[in-house]
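# Fold and contact review
Residues per chain are reported as follows:
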Amino acid sequence: MSYHVFLALLLVCSVYIVYSDGASGLRPGGANVVTTTHGMTAYRQVSFKQTTSNRRCWQTCSCIFCWCKRTVCSTSYYLKTAYKSVSYRTSYSVHNCAPGWKQQGTECPIAICTTVNCTNGGNCTKPNHCNCTSGWTDANCTTNVNECATNNGGCDHYCNDTVGSFNCSCDVGYTLQGKTRCQDINECITRNDTGCQQVCLNQPGTYKCGCYNGYMLNSDNKTCSDIDECSISNGTKHGCAYRCNNTIGSYECSCPSGFLLTTNRRDCADHDECMTGNSTCEQKCINHPGHYTCDCRQGYNLNVRDNNTCLDIDECERGVSGCAHMCNNTIGGYYCRCRTGYELATNNRSCNDINECQLGIDGCSQRCVNVIGSFYCSCRHGYYLDIDLKTCISYPCQPIATPPYGSRSCTGFNTDDVCRFSCKTGYELIGSMVRVCMSDAQWSGQQPLCVQKQCSSLQPPYNGFVNIPCASSYDSQCAVGCKSGYILNGPSVTKCSHGEQWKPSISECKVAGLCQYKPCKNGGV
């Protein structure tokens, strides 16, 4: 097959493939799209080298004056490029709608119903299948569904079947809520013509009238009349111990003079003037049957002139208080006081020394020393007492330096202050990370230094080498390579990280293939 014939065949096959794959406009994998694949044979041209010869002849003279002639021939050989056609198998795809589906755009979403006729609002959702609306059934959606036949249609009371649907209704005294629920009508709220004089009581589907306590419902079942609880003829038992007094809607009990109703509001008890606050006593009242007497609290005497009021007794003036330090009289009593630095004992008369140090009321910032009737403050070594004789002020410490390539964070530079040290990335702290200002004005620990981190010497990969120079300090970068006949499998540059490791890891040298060692250029294989 010639080169031009091959190109023509290839062009025809390409057009056929494009036409078969895209004529329908359907998207592979789209809704209800079916894809079929077909195989075919195609050809392509390949080149090869073949040997060609060239023979040339000429005549030469073999004697004087060229009387004798001899023919000499020479043949030369060389390579030239030739071409041939090679067949191979390929395939093309055809996209169609699945049976029962119709194309719309790049997919087939429209179902086809040929054997059924969807009526009453039904939709064709699958091939030859109707999705009926509520209230209809069968293949063509023509049969009415009797919703009332199943669970009364969900209705609380009555279910009424209609063409293609249904509805619910309720008994008298109920109202329809939503589509199926029957809710009782509260006539006591919704109606103003119940006629109830006092109380309206709602009941399922109806209502009735009632009365307040102390009233009874009349024969008209709407109005109310007062109940005379004190009348024996009505059959009630009022329970009053002495007298019953009827009131509108209720009743009350009462007692004779000198007696009062008890908490049950029926029985009578002696009138306790002391309890009810009806006595004239200034301080204490003592009840007796039919009368009462007055008395006074401790520290007072009853005034004999009226036997009602009380007079104060001055215990300090009489010398009967028993106070160890000072006595202060008060109306109806007295109290003892102690001098500064002392507190009153539990007997409220004696005085004990106050240990201000134990109670924490000394105000000393560091040490408290108690003495009888007083105290004083002192300081630890490295501090001195301020002018207020309570606050301790720290002495300054010796100057402290920040290490090169590092940083310092201090709470201060006096006694008990703390300094913390750290180093920049790639440096390691040598010495004390934390130092405290001691009482002798010196800093604890040792002066910190920031020393640059070092990686171990970079080892060359097997059958490889490390390019010089190659430092091993932090953030140094080194390059590696391979000996002749080997190639590097991975990155050629690595760096010393802050973790004192070379990253990325050292590459390895692997044997290079012929084409890997000297790769073919210009498309050669």
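Predicted model, so just to flag it, every value in this text is computed and none were measured.

Okay, the side chain of Thr-415 next. Locating Thr-415 in the fold gives a position in the loop between β33 (406–410) and β34 (418–423). Note on Thr-415: relative accessible area 5%, which makes it buried. Residue contacts for Thr-415: discarding those within four places in its chain leaves Gly-382, Tyr-383, Ser-394, Tyr-395, Cys-437, Met-438 and Ser-439.

So, on to unusual backbone geometry. Across the junction of Ile-468 and Pro-469, the peptide omega takes the value 5°, indicating a cis bond. With respect to the secondary-structure elements, Pro-469 resides in the loop between β38 (464–466) and β39 (477–482). The omega torsion of the bond from Lys-503 to Pro-504 falls at -5°, within 30 degrees of zero and hence cis. Assignment of secondary structure puts Pro-504 in the loop between β42 (502–503) and β43 (508–511). Of note in the backbone geometry, Asn-120 takes a positive phi value of approximately 55° without being a glycine. Residue placement: Asn-120 occurs in the loop between β4 (107–111) and β5 (123–126). A positive phi angle, close to 70°, is found at Asp-475, a residue other than glycine. Of note, Asp-475 is situated in the loop between β38 and β39.

In this section: empty space enclosed by the protein. Counting across every chain of the model gives 1 cavity of 30 Å³ or more. Taken as a whole, the largest cavity holds about 40 Å³ of empty space. Surrounding the largest cavity, Cys-478, Val-480, Pro-491, Ser-492, Val-493, Thr-494, Pro-504, Ser-505, Ile-506 and Ser-507 form its lining. Residue assignment for the lining of the largest cavity shows that the elements contributing at least two residues are β39 and β41 (493–496). By residue class, the composition of the lining of the largest cavity is 6 nonpolar, 4 polar and no charged.

Split into domains, the chain comes out as domain 1 (101–145), domain 2 (395–452) and domain 3 (455–517). Between the C-alpha centres of domain 1 and domain 3 the distance comes to 73 Å.

Moving on, we get to the packing of aromatic side chains. One pass over the structure, following the stated rule, counts 2 aromatic pairs. On the numbers, 5.0 Å between centres and 50° between planes, the contact of Tyr-384 with Tyr-395 is tilted. Of this pair, Tyr-384 sits in strand β31 (residues 383–385) while Tyr-395 sits in the loop between β32 (392–394) and β33; the two residues are 11 residues apart in sequence, bridging distant segments of the chain. Geometry around Tyr-342 places Arg-339 over its ring, the cationic atom sitting 5.9 Å from the centre.

The rules behind each value
Residues numbered from 1 in each chain as written. Predicted model: local features only at pLDDT ≥ 70, side-chain atom pairs only at ≥ 80, totals over all residues. Heavy atoms only, no water. Helix = DSSP H or I, 4+ residues; strand = E, 2+ residues; numbered from the N terminus. Buried < 20%, exposed > 50% of the residue type's maximum accessible area, 1.4 Å probe, protein only. Contact = heavy atoms within 4.5 Å. 1 Å grid on protein atoms, 1.4 Å probe; cavity = no way out; pocket = protein on both sides within 12 Å on 5 of 7 lines; lining within 4 Å. Points joined across faces, edges and corners; volume = space filled by probe spheres on them. Nonpolar A, V, L, I, M, F, W, Y, C, P; charged D, E, K, R; others polar. Domains from an automatic or database assignment. Phe/Tyr/Trp six-rings, centres within 6.5 Å; stacked < 30°, edge-to-face > 60°. Lys NZ or Arg CZ within 6 Å of the ring centre and 35° of its normal.

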